[in-house]
Amino acid sequence: MLLDVKLPVYYIFKRILPDILRVMLISIIFQLLKYFFGHYLPLIPLQLATILGSSISLLLAFNVSQSYDRWWEGRKIWGAVVNDSRTLVLQVRSFLQPEALSAREASEHLTAVAYRQIAWCYSLGESLRGQDPMPSLAKFLSEPDLAYAQAQKNRPLALLALHSTQIRELHLKQAVNTFQQVQLDSTLVRLCETMGQAERIKSTVFPANYRLLVHFLIYLFLGTLSLSLVESMGFWEVPVLLLIATTFFLIERTARYLQDPFNNAPTDTPVTAISRNVEINLKQLLEEPNVPAPLTSDTFYLM
Amino acid sequence: MLLDVKLPVYYIFKRILPDILRVMLISIIFQLLKYFFGHYLPLIPLQLATILGSSISLLLAFNVSQSYDRWWEGRKIWGAVVNDSRTLVLQVRSFLQPEALSAREASEHLTAVAYRQIAWCYSLGESLRGQDPMPSLAKFLSEPDLAYAQAQKNRPLALLALHSTQIRELHLKQAVNTFQQVQLDSTLVRLCETMGQAERIKSTVFPANYRLLVHFLIYLFLGTLSLSLVESMGFWEVPVLLLIATTFFLIERTARYLQDPFNNAPTDTPVTAISRNVEINLKQLLEEPNVPAPLTSDTFYLM
Amino acid sequence: MLLDVKLPVYYIFKRILPDILRVMLISIIFQLLKYFFGHYLPLIPLQLATILGSSISLLLAFNVSQSYDRWWEGRKIWGAVVNDSRTLVLQVRSFLQPEALSAREASEHLTAVAYRQIAWCYSLGESLRGQDPMPSLAKFLSEPDLAYAQAQKNRPLALLALHSTQIRELHLKQAVNTFQQVQLDSTLVRLCETMGQAERIKSTVFPANYRLLVHFLIYLFLGTLSLSLVESMGFWEVPVLLLIATTFFLIERTARYLQDPFNNAPTDTPVTAISRNVEINLKQLLEEPNVPAPLTSDTFYLM
Amino acid sequence: MLLDVKLPVYYIFKRILPDILRVMLISIIFQLLKYFFGHYLPLIPLQLATILGSSISLLLAFNVSQSYDRWWEGRKIWGAVVNDSRTLVLQVRSFLQPEALSAREASEHLTAVAYRQIAWCYSLGESLRGQDPMPSLAKFLSEPDLAYAQAQKNRPLALLALHSTQIRELHLKQAVNTFQQVQLDSTLVRLCETMGQAERIKSTVFPANYRLLVHFLIYLFLGTLSLSLVESMGFWEVPVLLLIATTFFLIERTARYLQDPFNNAPTDTPVTAISRNVEINLKQLLEEPNVPAPLTSDTFYLM
Amino acid sequence: MLLDVKLPVYYIFKRILPDILRVMLISIIFQLLKYFFGHYLPLIPLQLATILGSSISLLLAFNVSQSYDRWWEGRKIWGAVVNDSRTLVLQVRSFLQPEALSAREASEHLTAVAYRQIAWCYSLGESLRGQDPMPSLAKFLSEPDLAYAQAQKNRPLALLALHSTQIRELHLKQAVNTFQQVQLDSTLVRLCETMGQAERIKSTVFPANYRLLVHFLIYLFLGTLSLSLVESMGFWEVPVLLLIATTFFLIERTARYLQDPFNNAPTDTPVTAISRNVEINLKQLLEEPNVPAPLTSDTFYLM
């Protein structure tokens, strides 16, 4: 997540530089064409560029809006991660039957679920970003759990399977009754859904033909505009065109950043910071003494 | 799903070629009319074309947006397929009561549900694409299940009926208790809903009159534009008009591709790849030794 | 539902004919005014018409979008009809306890529920379209059920009441246990909701002042445009204005068609065809021998 | 709810009259300024007004769209009122255990719930409209219920509390079992939610700064337009400006009407008519002999 | 929440003043440039500014729409706070089993839950606004509850944990049965979700690059416009540009206000007033004698 303060200008512009340079090249070529073959070139009325411009502006505005929706959906999914993590621990904490478990056993079970849930958050974030989740898992899982997760390809799913195994055992020991098991299972269903939703956003690229179309239309519009300005503005056309190009490419680039919220980039949804918050909340619910501090950032973004 | 890499230009342009040719014909006819009957033709102000142009641009932009929503809804539905497939297997795995079934029976039941669920995913995708689902079913179903599915017209619904029969049997044997049966039934309810949602998108064509309207308006706009440019630009009008026509038809075509996500075309939702992922996940949950690799693509799309 | 093939042009144009004729009259009156009082008339700059044109275009585009959402909501509601009809039958089929009912009794109960559910679908569609649902009911209901439905004003609600009575009886006979009764009741809750949603769309006309506003603004825009074109284009103004008018009235008409999806018109949601599909699915689940064919159409629409 | 027929023109225009008069004043002032200080005034290019015009058109179109969403949300909430009212009565009707209650007691309980639910609908509508709900309550509630509701500030909430007390009593008498109590409670949860949603729309005015902004921008745009037309059109500028002003104020006013659906105005959601429909449906489910007729209207709106 | 009456003009304009001054500076610099280097400056056609203007208008309109959605989502979340607070108290009130608790104990338990829930509402609002929630908590919590909440970082979560502990105790005493415990737990799940949703909106700033982009584009557009007006309008350009600038910055500012609904500012969602309403409702359900009055405002906003 980009922070409101300290956002460096170079970060915003560096990605659109190649496009700007290409547009500069095009506009210089048109200048040369005009210089050498001026009277063979068509006189393109500026209104044509206006038509194309309003058409591509609309498409871009909708594109930004769709990208924003994707970004917000990604953030909502991680909001659900937080909510159901807290819910799961609150539920286990309030469901365990005292007659079936000693206080220590109950506390161990609760701790195991809470730590595994923290591990689930970190590992889901790391899987989405294409990082190796095993180091985070090692911090929070027991040996056998770690071995099981290691053997499975989809680590967050493996942790849900371990949750469900533990709840099964608690039920068989009558430490949770049948209704409580089903209620806990409903929480697991939601976690499984949330995980799938995050994977869906990650694995479904924004329609490639749509992306290409927008990019192609910006060039088409800038080319037309260049041709119709070259006549009336002379060499001033080059800086003016670059300014307009900057506008449109910046909008397009902003849309792109929003489209991919789990890309291991500064514009990501801050999944590590969110997982840290879950860790803090759950450890406080366990009444543990040393709770980590929230993740802060001394740069212009928060991961 | 089109992939970001290797997307060939011919694929994008081939479908709009007939429209472009038709527009070329129209613009040549206007050239000839102007040549022979020039002073009888009206002088259409370019601003009229601007009005029509902004009107059709708006309609197109909304159309793309509605089509994008349809596409994303299709993708979400298949996300729910993944989530509930995993959930179903996690639930059966954690619900089976050890006192009612031997370990082997439990494992057989779990495997039957998981394999049938994999079959359900593949067959749902194939039904949506109008392909024959029986070959996929044969790989994952037992003999009697296969015979039952063969006899029914709606194969994915038949598989849900088989799931529900098996859960009924498990309940009668007391291998799942009543609450668990109801919880499993809730998962089946969601699967039934998901299936119906996918069928709905497949069977409901985008409103035909709306589609036609957009197509007709593009032609109307291009005709008006042609008439108003023919005077001022002479023969340069033809290539310029074709460029503008390309813009508008490309946008329309992109919207069309997004409208039909289960069309057995490269722009489809990648239902086969998704089903393969479900297969991988479920087989790993069964701890099976030979799990297939994810579907990859050496062309420009993933099915 | 209009089909993609065979859509006749007259169907699209016939409804906007009166508006087009009115616009023709207006533009001829302006021609005459100009002819007789030319130098008293104001010179309206074409840009004024552009401002109005872009304003009304925006409103129309949003209007089409809202209408499309209504249409899609209507279609989604009927998707839920399909899903919950299948779910209800799958649930009854898997819940009936063998120790409480003989196989024949169980089958009779299941058949009664399934046939009543088919009747519910047909009668809901017919009520929405203002048709008499009794003939369809007669085909699927028992004598006493038919008499009860006959006596009630809201027939689909009467059928839900009969469903709920039958489930109550099954529960009192212990043919379904309490949890299963509640789970079946949840399905009835959803059916009741779906029915109410369809009635809501039917009974809530699109805001009449909004509709009128859009209609009035199109005329205002065309009048302004006519006045500003009459000077520059002479008699060519009439055909050009009609073309523009056609554009805007066609868009408005398309929006109107989408607003009312249960109007007993070719642009309706195909509720009869959907009900037929439910009939096919449910009869196949009952393993009945003679299942009807899906509804097809030899005209340009499917009801 | 405005009806499609008989909508009087004066109703639509009366509210925008003050704004129109103010605009007339402004434009006359500009005429005088021009007449006396003509050569000191700036020549504002019409394109500036176009830029402002398209900006305010966009804002207005989005505003109408957000207002429409609010209106539709209000209508959906009242759709949920209908659905859950029917559901509640269907549930009580099918849940009451014959062994715990005599047929007469059962019928009395059912009638009490149904009548209280009817009262809830009417009183919710009247509270939203700022009317006194007590007269409606008196028609449907028993003495003690009426006294309790009288003593509470939020009457619909008081009725839900009475529902919940009655269900508690039925449960203590074992006339509904525990699962059924929880299922009935779920219906109460939904009713409580629906009530809160309606109150939310009522109590949350559309953001006042946003409303003001739109109003201010329309004046700004009309002023700019007036200044730029005064030069080119002379005294014709006044009627032309009024026409444009009418357009924009009508759109704004339509948005305002849609924003407040519970305002005791003809543009309201027809909550009384909807409550009457609930009364009809519930009395028919009770098989009562004298069921009232649906509310009709002999004016241009339905309350 | 800003109130419709008494909204002072200075409040709306004070925040955009720095931007307006900056624009004035820019436009004066251009005036000077023109005065001294007039014939070196490019002649920028006004249509270029139109293209940029319609592009930034679109982006702004969408931005306002996204901000409005955020604002409405924030309000919906607080609507859910109200609904589930009422639901929780209605449920506890109707679930407590008379045979397990004396009337006084039952009443004490109910009061404890209701007061803690009131405290939860206030403290959630205060946490979101960055205020210290402890003073409000002290008014409504028992000593041990207060000590527990004091020790935890996330106070609203601590209160939910206390709710869940109390429900656990009631269950262990058999004062609520298992189904009722699970139903109460479902309400806690929703409260936990609502809390997380509010925190999500608070902690997720609107994408900073998107915000910056919009701000930058407004300046770019105003610069271009200034350059193209300076030639044709002379010194009148300055006031005209400021007017246009005011328009665009006001729209941007309105969007900003809507984006952050929990900012301890007059444009906030009125969380204190809403919490007060919850307090009134819950105390009335407890039939307490002294119920506070709703929060009113003698200024232009309601907190």
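Residues numbered from 1 in each chain as written. Chains lettered and ligands numbered in written order. Predicted model: local features only at pLDDT ≥ 70, side-chain atom pairs only at ≥ 80, totals over all residues. Heavy atoms only, no water.

Description of the overall build of chain A
Piece 1. Scanning chain A for helices and strands turns up 11 helices and zero strands.
Piece 2. Walking chain A from its N terminus toward its C terminus, one meets helices and strands in the order α-α-α-α-α-α-α-α-α-α-α.
Piece 3. Here chain A has a C-alpha radius of gyration of 27 Å; the compact-globule value for 303 residues is 19 Å, and the former is much larger.
Piece 4. Restricting to contacts in chain A with at least 6 residues of sequence separation, those with at least 24 account for 77%.
Piece 5. Total accessible area on chain A stands at roughly 10800 Å², and carbon and sulfur atoms take up 61% of it. (Helix = DSSP H or I, 4+ residues; strand = E, 2+ residues; numbered from the N terminus. Rg over C-alpha atoms; globule rule 2.2 N^0.38 Å. Contact = heavy atoms within 4.5 Å. Areas by Shrake-Rupley, 256 points an atom, 1.4 Å probe, with all protein chains shown as cover.)

Some points on the relation of the copies chain C and chain D
In summary, the two copies of the chain are related to each other by a rotation about an axis coupled with a shift along it.
Piece 1. Between the two copies, chain C and chain D, the superposition gives an RMSD of 0.0 Å; the rotation angle is 72° and the shift along the axis is 0.0 Å. Taken together, the turn and the small shift mark the pair as related by a five-fold rotation axis. (Least-squares fit on C-alpha atoms with pLDDT ≥ 70 in both.)

Quick word on the interface of chain A and chain E
Piece 1. In this assembly, 61 residues from chain A lie in contact with 60 residues from chain E.
Piece 2. At the boundary of chain A with chain E, total buried surface from both sides reaches about 5400 Å², with 67% on carbon and sulfur atoms.
Piece 3. Of all the elements in the fold, those that place two or more residues in the side of chain A that touches chain E are helix 1 (9–14), helix 3 (46–95), helix 8 (178–203), helix 9 (208–233), helix 10 (237–259) and helix 11 (271–285) of chain A.
Piece 4. Of the residues forming the side of chain A that touches chain E, the biggest block, 24 residues, is contributed by helix 3 of chain A. (Buried area = accessible area lost by both parts, 1.4 Å probe.)

What about the UniProt feature "transmembrane region" (unreviewed entry) in chain A?
Residue and element names in this part refer to chain A.
Piece 1. Under the present numbering, the feature "transmembrane region" (unreviewed entry) in UniProt falls on residues 20–37, 43–62, 210–227 and 233–251.
Piece 2. Secondary structure across residues 20–37 divides into 100% helix and 0% strand, with the first and last C-alpha atoms of the span separated by 25 Å.
Piece 3. Its end C-alpha atoms 25 Å apart, residues 233–251 is made of 84% helix and 0% strand. (UniProt positions renumbered as here; feature names shortened; annotations may be inferred.)

Describing the interface of chain C and chain D
Piece 1. Of the residues lining the interface, 60 residues belong to chain C; the matching set on chain D comes to 61 residues.
Piece 2. Approximately 5400 Å² of surface area, both sides summed, lies buried where chain C meets chain D, with 67% of it carried by carbon and sulfur atoms.
Piece 3. At the junction of chain C and chain D, the tally comes to two salt bridges.
Piece 4. Of the charged contacts in the structure, one is a salt bridge between Lys76 of chain D and Glu73 of chain C, with a shortest N-O distance of 4.0 Å.
Piece 5. Counting every contact that joins chain C to chain D gives 16 residue pairs in polar contact (both at pLDDT 80 or more).
Piece 6. Contributing elements (two or more residues each) for the side of chain C that touches chain D: helix 3 (46–95), helix 6 (143–151), helix 7 (155–172), helix 8 (178–203) and helix 9 (208–233) of chain C.
Piece 7. Residue composition of the side of chain C that touches chain D, grouped by class: 34 nonpolar, 17 polar and nine charged. (Salt bridge = Lys/Arg side-chain N within 4 Å of Asp/Glu carboxyl O. Polar contact = N/O pair within 3.5 Å; in protein donor to acceptor, adjacent residues only side chain to side chain. Nonpolar A, V, L, I, M, F, W, Y, C, P; charged D, E, K, R; others polar.)

Some thoughts on the relation of the copies chain A and chain E
Piece 1. The transform that puts chain A on chain E rotates by 72° and translates by 0.0 Å along the axis, for an RMSD of 0.0 Å.
Piece 2. Interface overlap between copies: only 7% of the residues of chain A at the interface are likewise at the interface in chain E, consistent with a contact formed by different surfaces.

So, the pattern of salt bridges
Residues and elements named next belong to chain B.
Piece 1. Taken as a whole and assessed by the stated rule, the structure comprises 56 salt bridges over all chains.
Piece 2. A salt bridge links Glu279 to Lys283, with the nearest nitrogen and oxygen atoms 2.9 Å apart. Residue Glu279 and its partner Lys283 are both found in helix 11 (residues 271–285); the two are separated by four residues, about one turn of the helix.
Piece 3. A relative accessible area of 5% places Glu279 in the buried class. (Buried < 20%, exposed > 50% of the residue type's maximum accessible area, 1.4 Å probe, protein only.)

Regarding empty space enclosed by the protein
Piece 1. As a volume, the second largest cavity reaches approximately 120 Å³.
Piece 2. In this structure, the second largest cavity is lined by 15 residues; those nearest its centre are Pro207 of chain B together with Met1, Leu2, Trp71 and Thr267 of chain C.
Piece 3. Mapped onto the lining of the second largest cavity, the elements with two or more residues apiece are helix 9 (208–233) of chain B together with helix 3 and helix 10 (237–259) of chain C.
Piece 4. Classifying every residue of the lining of the second largest cavity gives nine nonpolar, four polar and two charged. (1 Å grid on protein atoms, 1.4 Å probe; cavity = no way out; pocket = protein on both sides within 12 Å on 5 of 7 lines; lining within 4 Å. Points joined across faces, edges and corners; volume = space filled by probe spheres on them.)

Some points on the packing of aromatic side chains
Piece 1. Inspection of the entire model under this criterion finds 70 aromatic pairs over all chains.
Piece 2. For the pair Tyr68 of chain A and Trp71 of chain A, a centre-to-centre distance of 5.5 Å together with 35° between the ring planes defines the contact as tilted. With Tyr68 of chain A and Trp71 of chain A both in helix 3, this residue pair falls three residues apart, about one helical turn.
Piece 3. For Tyr68 of chain A, a relative accessible area of 4% corresponds to the buried category.
Piece 4. In this structure an aromatic cluster arises from ring pairing among Phe62 of chain A, Phe62 of chain B, Phe62 of chain C, Phe62 of chain D together with Phe62 of chain E.
Piece 5. The ring of Trp72 of chain B has Arg200 of chain A lying over it, and the distance from NZ or CZ to the ring centre is 5.1 Å. (Phe/Tyr/Trp six-rings, centres within 6.5 Å; stacked < 30°, edge-to-face > 60°. Lys NZ or Arg CZ within 6 Å of the ring centre and 35° of its normal.)

Description of a nonpolar patch on the surface
Residues and elements named next belong to chain A.
Piece 1. Residues Leu17, Leu21, Met24, Ile28, Leu32, Tyr35, Phe36, Phe37 and Tyr40 make up a contiguous nonpolar surface patch of roughly 980 Å² in combined accessible area.
Piece 2. Position of Phe37 among the secondary structure elements: in helix 2 (residues 17–37).
Piece 3. The exposure class of Phe37 is partly exposed, given its relative accessible area of 43%. (Patch = residues over 30% accessible without salt bridge, like charges linked within 9 Å, V, L, I, M, F, W, Y side chains within 5 Å.)

Thoughts on unusual backbone geometry
Piece 1. You will see that Glu287 of chain B, though not glycine, has its phi angle at about 55°, which is positive.
Piece 2. As for its position among the elements, Glu287 of chain B is in the segment after helix 11.
Piece 3. One non-glycine residue, Asn264 of chain D, lies in positive phi territory at about 55°.
Piece 4. For Asn264 of chain D, the position within the fold is in the loop between helix 10 (237–259) and helix 11 (271–285).
Piece 5. Under the relative-accessibility criterion, Asn264 of chain D is labelled partly exposed at 39%.

Regarding the state of the cysteines
Piece 1. Inspection of every chain in the model, using the stated rule, returns zero disulfides over all chains.
Piece 2. Considering cysteine sulfurs only, Cys121 of chain D is the nearest to Cys192 of chain C, which forms no disulfide, with 12 Å between them. (Disulfide = S-S within 2.5 Å.)

Thoughts on helix 6 of chain C
Note on helix geometry: an α-helix contains 3.6 residues per turn, so any two residues three or four positions apart are oriented the same way.
Piece 1. Those residues of helix 6 of chain C not exposed but buried are Asp145, Leu146, Tyr148 and Ala149 of chain C. Projected down its long axis, helix 6 of chain C shows its buried positions confined to an angular sector of 165°, all on one face. The exposed residues of helix 6 of chain C that point more than 90 degrees off its buried face are Glu143, Pro144 and Ala151 of chain C.
Piece 2. Where helix 6 of chain C is buried, its residues meet helix 4 (103–128), helix 5 (134–140) and helix 7 of chain C together with helix 3 (46–95) and helix 11 of chain D. (Arc of directions from axis to C-beta.)

Details of a negative patch on the surface
Piece 1. A cluster of acidic side chains, namely Asp69 of chain A, Asp69 of chain B, Asp69 of chain C, Asp69 of chain D together with Asp69 of chain E, defines a negative patch on the protein surface.
Piece 2. Examined against the element boundaries, Asp69 of chain D turns out to sit in helix 3.
Piece 3. Given the relative accessible area of 44%, Asp69 of chain D is considered partly exposed. (Lys, Arg positive; Asp, Glu negative; His and termini not counted. Charge placed at Lys NZ, Arg CZ, Asp CG, Glu CD.)

Examining the packing of helix 7 (residues 155–172) of chain E against helix 8 (residues 178–203) of chain E
When two helices pack together, their arrangement is given by the angle between the helix axes and the distance between those axes.
Residues and elements named next belong to chain E.
Piece 1. Two numbers describe how helix 7 lies on helix 8: the axes approach to 10 Å, and their chain directions differ by 180°. In terms of their interaxial angle, helix 7 and helix 8 are classed as roughly antiparallel. In contact with Pro156, Leu157, Leu160, His163, Ser164, Ile167, Arg168 and His171 of helix 7, helix 8 contributes Thr178, Gln181, Leu184, Leu188, Leu191, Cys192 and Met195.
Piece 2. Here the contact of helix 7 with helix 8 is built from residues that sort into nine nonpolar, five polar and one charged. (Axes fitted to C-alpha atoms, helices over the stretch in contact; angles between N-to-C directions. Parallel < 35°, antiparallel > 145°, perpendicular 65-115°, else oblique.)

Thoughts on the side chain of Thr187 of chain E
Residue and element names in this part refer to chain E.
Piece 1. Note on placement: Thr187 falls in helix 8.
Piece 2. Overall, the relative accessible area of 0% leaves Thr187 in the buried class.
Piece 3. Each residue touching Thr187, except ones within four places of it in the same chain, is listed here: Asp84, Thr87, Leu88 and Gln91.

Brief notes about helix 9 (residues 208–233) of chain D
Piece 1. Compared with an ideal rise of 1.5 Å per residue, which puts 26 residues at 38 Å, helix 9 of chain D spans 36 Å between its outermost C-alpha atoms and is within 8% of the ideal.
Piece 2. Positioned one or two residues after helix 9 of chain D, Gly234 of chain D has a phi angle of 65°, which is positive. (Expected span 1.5 Å × (residues − 1).)

Quick word on the side chain of Ser164 of chain E
Piece 1. Relative to the assigned elements, Ser164 of chain E resides in helix 7.
Piece 2. In this view, Ser164 of chain E contacts Leu90, Arg93 and Ser94 of chain A together with Leu188 of chain E; residues no more than four positions away in its chain are not counted.

Topic: the environment of Arg129 of chain A
Residue and element names in this part refer to chain A.
Piece 1. Residue placement: Arg129 occurs in the loop between helix 4 (103–128) and helix 5 (134–140).
Piece 2. On the basis of relative accessibility, which here comes to 7%, the residue Arg129 falls in the buried class.
Piece 3. C-alpha separation for the pair Arg129 and Ala119, spaced 10 residues apart in sequence, amounts to 15 Å.
Piece 4. With sequence-adjacent residues up to four places away left out, Arg129 is seen in contact with Phe262, Asn264, Asp268, Thr269, Pro270, Val271, Thr272 and Met303.
Piece 5. Here Thr272 takes part through its side chain, which lies 3.0 Å from a polar atom of the side chain of Arg129.
Piece 6. A distance of 3.1 Å separates the side chain of Arg129 from the backbone oxygen of Met303, its partner in a polar contact.

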